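Coordinates in review
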Amino acid sequence: YFETFKSVLATIKSLDLSKYDLAPNIVYGNFDGYQMPFYLTNQSMISHYAEYEYNMDFESDYVFNSSSVDDLIEDYISENCEELEDSQKEAFRHCLNNKLAIIQGPPGTGKTLVGFELLRYILSIGIESPILVLTYKNHALDEFLLKILDDGTCSETEVMRLGGQSKEPRLNNILIKNHLGRPPIVSDLNLMLEENTKHMAQRLQGYMMTATITAECFLGELNETQVRNFLLNYNWKKGKKIKFRGKTVSIQDVTSILSSPIKTESGVYVSHFIHIVEQLLKVWGPNINDLQKLRDLEKSSSRLANMESNEDREDSDGDFIDEADEDMVRELENLRQSHNNNIRSKVSMLDLNFNTQTNGYALSHFPASCIGNSDLLDKENLWSLSEIQRMQFIVAILNKNKDNFINAFQDLEFESEEVMKAKFLQLDQTKIEAMQKMKVIGATITGASINHNLIKAVSPKIVIVEEAAEVLEPSLIAALNPNVEHLILIGDHKQLRPSVDTYRLRREYKFDISMMERLININYPYKTLQKQGRMRTEFAELLKDIYPEYDNLPDLNESRKPFPMLEKSMFFWSHSFPETKSRSVENKGEAIMVLNLAFFMIANGVDPIQITILASYKGQQKFLRGEYRKMKEKRESWFKNKSDVVIQTIDMYQGDENDFIIISLVRSNNSPRSNIGFLTEINRRCVAQSRARRGMYFVGNVEMFRNHWKYLVDRMETSGCVGERITVVCDNHPSSKIYIGKAYQLADVIDNPAALCKRNCTFYFPCNHQCTKKCKPSHNHEKCLQDVYKELPCKHVMKTQCHIPVAMVVCSIPVKHMFPCRHIDTVRCYDKVNGRTSCKFPCEKPMKHCSNHKCPKKCSDVHNHEECLAMIEYVFPVCGHNGPKQKRCSQSITWECEASVRYTAECHHTILTKCFLIQNGTVKCTYPCNKKLRCNHSCTAMCSDPCTVYCNACEKEEEIRIQQAEEELRQELERINSIKPDESFVISELTRKNDLPEFQSIEDNVLNYIIPQHNWYPTITKIEKVYNASLRKKYLQAKLKSNRYYEDKKFHGTSDKGVEGITKYGFKLPVTPGMYGKGIYLATNSSKSAREIYTKGSNKLLLCATLLGKSFQFESKDQRVKFLKDEANYRENGSYGAEFLKSKKCDSIYAPRGIEVLNDEFIIFNPDQVYPEFIISYTVGSVSRLPALPPSNKTGFKKHTYVFSRTNDRDDPLFAEASIAIAHYNRTVRVSNFSFNTDKVDIIQNLPLEARFKATKAAFNKFGKDNEILAFHATGELNVDSILKNNLDPNRAAEHGRAHGNGCYFSEFPDFSAKYGKSLIIFRVLPGREYEGPEHLPRPGYDSKKVRADEKGYGEQIIIQNNHQFLPAYVFYRT
């Protein structure tokens, strides 16, 4: 609001009227005879007049004066102004003969037309200065500029509209912003503003950290002595208990804390210290709730002190606010603040008392009367302060932080303002250059005020002001410049005056009198337009008290036909409904009358856009719009593809017009003097009664207006146009009429038009038939519906409606007809003549592929005999079950058999299932699983569903364990941060003497994870423990971010150089990809990592803490190949593997044995997830597994028994073999509800069986399936020796019949096999090409069958029929 008048006030303040050429005319109304503007008589215009417009031949001594110009003006009028009537032409001459000219234009007299013709004339003489066109409203400006463009007077490149936007899309191209380019310097200034904005935001963010006194902020304001005293001087015995991790803190604890560092190296207080101070601050400081009570009390006192009576005042519903001007003001303000969207332009506007923390004290907590005392900030013992002093202490800190921020912020703000000034200066210069190139510049008076500096710089010599009587004189003065030579004011001071909000300014200072009215009042010459071409003549007669010389153009009433269904073209429909008043004035009863009148007109053919409802108050306007929407919803069909009725206030509608105007006067009260508020002003009455062209209807309490609007009421009464009942008539039968006194009566006529006229329609069609309908409701007469008899070309006579041509009449007389198929039937004559017949008899020909059925279709239908649609019974060809319902004869069976059958599943449970599930191999067992989970509880899932890791109860416990682990991780991170530099990297050796438990644990990790095929039998020579604080910190931080807290120890083989680099600097991702990409490869089996290809002869392994988290498992080679291809095409910074895992919400890749690798592998793509904990040095023994058998052993069989003792010879091959067996047993056992003696192991040598096994392995190698696994087979003790010597016999196994077919059964889990016998034999097994499914062996192309594999690929059962694929290796015996 202020922005609109800021420029006006600034201009008026510095105004020097002595420099204005027109000052004597404007200020004093001086008029010394006609004074033609200088530019019209300027000698430099002679050549233009002569050559461009009139082709006159002036002699050299010709004197060019005003009389010469008058001749030229008359020539122009006669040739170009045929549309103007006499008073308009007189006004045209008057304007061109006066430096300051005024035209008064009563309603409908063509004010805008005269203004446009004046502009055209001035442009035609080639004036160099732009012409400035000013209007009061945006709507008026848009209409004027559109007329210029549509007429071809100027092109879009020659016209400019000031302002941010226009509601008229066609004017978008001439907006000032679209005439501008952007100078380079503005871009540089924008960068400077952005940089300043960042600094301001940083300052604000910094202040937000100190705007609330938390424990950290409080400590930051205290010196070391104050901190110690704050902790030590608290009454720890009798004061409120301070707790930390569930324990009460004592003075001894505090003393201990203060004796150790309370800050980290980075200067941050340790967490446990902050926790204690936070509780002490709550005890020491004021209670937040008590502060709230103090603030409430202060507010209550303030309200009582400031209470005073306010005088009631009536809202000035006539105030004008142009939304488009508001938008421009808003846009200007946004432009000025665009450099700082998040920070207000003035630091004084910022609310710096906000609270940014949930715990702590902010200025907003304290009452305004609480003043900070900075003298208290140096007090050493804070506990000695009183409660008031403690409040003053905290407020002093907050005020200090606030002042520091304000000082820094203001400096930045000043810099920004300077840059903004430079930016606006540059933009203004660009605008000025663009404006100087224009022929016409258009602006509202608001836009001109805001852009005063630009207009002043351009200095237009000619200013045309439309709606001049509505413009505040200060605003108009501010829009002018000293160089104006010609000022033309066009308006009507008898209509609405300028809008002034303050009553005192209107009453005492006459602010509501425009320059135009003031000059007219002091007898400054002006011309009045006299002939109106807008309204019917009877409407114009009602304005004669305002415009005595008001006249009409000829034949107006002929082109302004009234609404035929209202008896009068104008009417004052009176009522006695009382007004209601709150912020504005409303009259709801009157509103319903108004709306029903409008809807009656719409119901009877008036387009809604032709109707305008004018309300004298905004409250009434709002109520009318709401009720209009409700009434419209009930009659949506009336408004299809039509605009809405315009509902506006009287003041907002000045300058507009419409065919039918309904005025809601609103005022109806019992005041002695008939108080009608601002409606007493004749200007407002003038506007209200001068908008209508064809129909004008006042709705109100006529008694309220009888004295105030006496001239209008008296003449309307004389014409019979006032009353409490309005007459509606039939447009066809004038004698049919209804007198409507109530709104509901009009609504009844709308809903029941026949109530108005019950007579027959009198319309005759060209065929001389009379319309057979009733007069109402209204209807069209496009077709004669009279029934007549017509003879058709077929000679039959048919009854039809008159309007239907003979050629379109359908003859329905039945006749006989023979079809091409030789069938005879009765058809319509019309169908036979026009060839539209079709045979309805059945075809009955035999179907092509079916000998049982005949074609059921109609003879005439286009069809074939390929598909038989007869419904038949059927059976499923595979299972032989009967179909559940019939099918079409020729239909193939593509659906599945859903018959219920009993089936024994792989888990040996017999279940009732669907037949097709058995055929598809997708049967799911519905029995409970009951397997033991990792938590040792039974699984509650179904037998066929995958087991969870933990049961529900244990899952919650696991979450608690994870939370505890997180806390432990954070504590360890705190300890790492406090480690001294010389202790941050240490490698220490573990010895059997001093570190036996840890040494043996690591040794067992190595020896228990050896794969026999690797032929690796190590002796551990040294174990070194690595501590690297930097790597450990990264590992813990990665652990906190992982998807799952699953970690394990994994082996990594590398060279001596690799050991040194990894333990010091950590792992690095390789440049060359491995089998699964550019990652870090780790193994569960020590023998895999110890291979020469990895260790390069170092004889060292790294045992690493590995954060596996959640692993993603590769299921196929194709999946791996796609991954490698995507990695090769990856061009972003970083690791593709890491991005891949992030997309899968995983932390590592798991490559299970049996798919593409012989042994499990894990791949990590984040080096921080692997921490090298131990360096293991070893020597390697003999490659041969067992000693050779002596020649005397002719059978080639021997059983070695190895018994573990306290001291074992680690170089003994039997010890190595026994260790492998024990390690594999321990790694694969799932439950512990049975026990085998693992202190004793039989190791088997059987050379004949081994030779056959090796031959089979060599054969499998040809198709890449020679991978070897260890599997278990349990049997009775009596069978062991026979099996060890002769191997298992598949034929004997077949005699017993197994659930999964014939063959020898193994399991990769000892607990599964153990239930079949007391002796447990470990076999070396070649699975070869294995499959999973319901089919039994033998199956072409496969060597084994796997049943119920787990997530790692281990099978619960392995079935093999060829005993050359397995070899007995070790034996355990049940205890």
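Residues numbered from 1 in each chain as written. Predicted model: local features only at pLDDT ≥ 70, side-chain atom pairs only at ≥ 80, totals over all residues. Heavy atoms only, no water.

A short note on the overall build of the chain
So the rule is basically this: Runs of H or I in DSSP of at least four residues are treated as helices and runs of E of at least two as strands, each being numbered from the N terminus. In this scheme, a residue with accessible area under 20% of its type's maximum is buried, one over 50% is exposed, and one in between is partly exposed, where area comes from a 1.4 Å probe on protein chains only. Here, residues are in contact when the closest pair of their heavy atoms is within 4.5 Å. Reported accessibility uses the Shrake-Rupley method at a 1.4 Å probe radius. Residues are deemed covered only where the shown protein chains occlude them.
For the chain, the helix and strand inventory stands at 44 helices and 49 strands. In the chain, which comprises 1375 residues, the proportion classed as buried is 46%. Taking contacts inside the chain between residues at least 6 apart in sequence as the whole, the part at least 24 apart equals 69%. Summing over all exposed atoms, the chain offers an accessible surface of approximately 71500 Å²; the carbon and sulfur share of this is 49%.

Description of the confidence of the model for the chain
We apply this condition: For every residue, the predictor reports its confidence as pLDDT, a number between 0 and 100.
Put simply, the chain has an average pLDDT of 84, and 89% of its residues get 70 or more. Within the model, pLDDT remains below 50 along residues 307–321, and this stretch shows 27 contacts once partners closer than five positions in the same chain are excluded. Contacts from residues 328–357, a stretch scored under 50 in pLDDT, to residues over four places away or in other chains number 71 contacts.

Observations regarding the pairing of strand β48 (residues 1355–1360)
This is how it is decided: A pair of strands is labelled paired if DSSP reports no fewer than 2 bridges between them.
With six of its six residues buried, β48 lies for the most part within the structure. In the sheet, strand β44 (residues 1304–1306) pairs with β48 via three bridges, with the strands oriented antiparallel. Paired with phenylalanine 1306 across the bridge in β48 is isoleucine 1358. Linkage of strand β47 (residues 1344–1349) to β48, two consecutive antiparallel strands, is achieved through a turn of five residues, within which glycine 1353 is found at a positive phi near 95°.

Some words on the pairing of strand β2 (residues 131–135)
The buried fraction of β2 is high, at five of five residues. Residues Ile131, Val133 and Thr135 of β2 are buried on one face, and the alternating residues Leu132 and Leu134, pointing to the opposite face, are buried as well. Here four bridges tie β2 to strand β9 (residues 462–465), and the two strands are oriented parallel to one another. Bridge assignment links leucine 134 to a residue of β9, and that residue is valine 465.

Considerations on empty space enclosed by the protein
Definition in use: Residues are called lining when one of their atoms sits within 4 Å of a cavity or pocket point, these points coming from a 1 Å grid over the protein atoms alone, where a cavity is a set in which a 1.4 Å probe fits but cannot get out and a pocket is an open set with protein on both sides within 12 Å along at least five of seven lines. Grid points are joined across faces, edges and corners, and a volume is the space filled by probe spheres set on the points. Residue type decides the class: Asp, Glu, Lys and Arg count as charged, Ala, Val, Leu, Ile, Met, Phe, Trp, Tyr, Cys and Pro as nonpolar, and the leftover types, Gly among them, as polar.
The full count for this structure, using the stated rule, is six cavities of 30 Å³ or more. Estimated volume of the second largest cavity: approximately 50 Å³. Lining the second largest cavity, in full, are Leu1007, Ile1010, Tyr1017, Pro1018, Arg1210, Phe1215, Ala1216 and Ser1219. Of the residues contributing to the lining of the second largest cavity, the split by class is six nonpolar, one polar and one charged.

Focus on the packing of helix α38 (residues 1117–1128) against helix α39 (residues 1136–1144)
When two helices pack together, their arrangement is captured by the angle between the axes and the distance separating the axes. Here is the rule we go by: Axis lines are fitted through C-alpha atoms, for helices just across the contact stretch, and the angle between N-to-C directions can take any value from 0 to 180 degrees. Should an angle fall under 35 degrees it is called roughly parallel, over 145 degrees roughly antiparallel, and 65 to 115 degrees roughly perpendicular, with every other angle called oblique. A crossing counts as left-handed when the near helix is turned anticlockwise from the far one by less than a right angle, and as right-handed when that turn is clockwise.
Orientation of α38 relative to α39, taken along the N-to-C sense of each, is 125°, at an axis distance of 10 Å. It follows from the interaxial angle that α38 and α39 lie oblique. The two elements α38 and α39 cross, and the hand of that crossing is right-handed. Taken together, the residues of α39 that come into contact with α38 (itself represented by Phe1123, Asp1126 and Glu1127) are Tyr1136, Gly1137 and Phe1140.

With respect to the packing of helix α24 (residues 588–603) against helix α29 (residues 743–751)
The geometry of α24 relative to α29 is characterised by a closest axis approach of 9 Å and an angle of 20° between their N-to-C directions. In terms of orientation, α24 and α29 fall into the roughly parallel class. The way α24 lies across α29 gives a crossing that is left-handed. Note on element contacts: α29 touches α24 through Ala743, Tyr744, Leu746, Ala747, Val749 and Ile750, opposite Ile592, Met593, Asn596, Leu597, Phe599, Phe600 and Ala603. When grouped by side-chain class, the residues that make up the contact of α24 with α29 number twelve nonpolar, one polar and no charged.

Describing the sheet that holds strand β49 (residues 1366–1374)
Taken in spatial order, the five strands of this open sheet run β41-β42-β49-β45-β43, and their pairing is antiparallel. Looking at which strands have only one partner, the edges of the open sheet turn out to be β41 (1197–1203) and β43 (1269–1275). Pairwise comparison of adjacent strand axes, ignoring direction, gives a mean angle of 25° for this sheet. Pairing analysis gives seven bridges linking β43 to strand β45 (residues 1319–1325), with the strands arranged antiparallel. Within β45, the position partnered with alanine 1271 by the bridge is phenylalanine 1323. Here helix α40 (residues 1213–1228) sits on the sheet in contact with β41, β42 (1236–1246), β43, β45 and β49, set at roughly 125° to β42.

Regarding the sheet that holds strand β11 (residues 527–528)
The strand order across the open sheet formed by seven strands is β3-β8-β2-β9-β10-β1-β11, and the pairing between neighbours is parallel. The sheet terminates laterally at β3 (159–161) and β11, the two strands that pair on one side only. Across four bridges, β9 lies against strand β10 (residues 486–491) in parallel orientation. Looking at β10, one finds that isoleucine 462 is bridged to histidine 486.

What about the packing of aromatic side chains?
Rules: Whether two aromatic rings pair depends on their centres lying within 6.5 Å, for rings of Phe, Tyr and Trp, where Trp uses its six-membered ring; planes under 30 degrees apart make the pair stacked, over 60 edge-to-face, and the rest tilted. The rule is short: NZ of Lys or CZ of Arg within 6 Å of the ring centre and within 35 degrees of the ring normal puts a charge over the ring.
In this structure the tally under the stated criterion is 53 aromatic pairs. Both rings, one in tyrosine 76 and one in phenylalanine 92, keep their centres 6.1 Å apart while their planes meet at 5°; by these two values the pair is stacked. Of this pair, tyrosine 76 sits in helix α5 (residues 66–80) while phenylalanine 92 sits in helix α6 (residues 86–96), placing them 16 residues apart in sequence. Here a set of aromatic residues connected by ring pairs shows up, and it is made of Tyr1076, Phe1112, Phe1114, Phe1123, Tyr1130, Tyr1136, Phe1140 and Phe1165. Geometry around phenylalanine 116 places lysine 147 over its ring, the cationic atom sitting 5.1 Å from the centre. Stacked on the ring of phenylalanine 1263, the Lys or Arg arginine 1329 has its end atom at 4.3 Å from the ring centre.

Some remarks on helix α34 (residues 1029–1041)
The cut-off we apply is this: Helices are assigned an expected span. That span is 1.5 Å times one less than the residue count.
Look at α34: 19 Å from first C-alpha to last across 13 residues, which is about the 18 Å you get at 1.5 Å a residue. The complete set of buried residues in α34 reads Ala1029, Leu1031, Arg1032, Tyr1035, Leu1036, Ala1038 and Lys1039.

Quick word on the pattern of salt bridges
Note the following rule: Each reported salt bridge corresponds to a side-chain nitrogen of Lys or Arg within 4 Å of a carboxyl oxygen of Asp or Glu.
Counted under the stated rule, the structure contains 59 salt bridges. Across the pair lysine 737 and glutamate 567 runs a salt bridge, and its minimum N-O distance is 2.8 Å. Taken together, the residues span a long stretch of sequence, with lysine 737 in strand β23 (residues 737–740) and glutamate 567 in the loop between α23 (556–559) and β14 (570–574) at a distance of 170 residues. In this structure glutamate 567 comes out as partly exposed when scored by relative accessible area, which is 38%. Aspartate 714 is paired through a salt bridge with lysine 710; the nearest N and O atoms lie 3.0 Å apart. Separated by four residues within a single helix, aspartate 714 and lysine 710 lie in helix α28 (residues 710–718), roughly one turn from each other.

Comments concerning helix α42 (residues 1277–1286)
Applied cut-off: The arc refers to the directions leading from the helix axis to the C-beta atoms.
Along α42, the positions that sit buried rather than exposed are Val1280, Ile1283 and Leu1284. Buried residues along α42 cover an arc of 95° about the axis, so they all sit on one side. Seen from the buried face of α42, the exposed residues on the opposite side, beyond 90 degrees, are Leu1278 and Asn1286. Close packing links the buried residues of α42 with β41, β42, α41 (1247–1261), β43, β45 and β49. After α42 finishes, the residue asparagine 1287 shows a positive phi value of roughly 75°.

Considering the side chain of serine 87
Inspection of the secondary structure assignment puts serine 87 in helix α6. For serine 87, a relative accessible area of 11% corresponds to the buried category. Among residues more than four places away in sequence, those in contact with serine 87 are Thr528, Leu529, Gln530 and Lys531.

Description of the environment of cysteine 1304
Mapping cysteine 1304 onto the fold places it in strand β44. In this structure the C-alpha to C-alpha distance between cysteine 1304 and histidine 1273, which are 31 residues apart in sequence, comes to 9.0 Å.

Observations concerning the environment of isoleucine 131
Structurally, the position occupied by isoleucine 131 is in strand β2. C-alpha of isoleucine 131 to C-alpha of glycine 442: the two residues are 311 residues apart in sequence and 8.4 Å apart in space. Contacts of isoleucine 131, omitting those with residues within four sequence positions, involve Leu119, Ile122, Leu123, Lys439, Val440, Ile441, Ile462 and Ile464.

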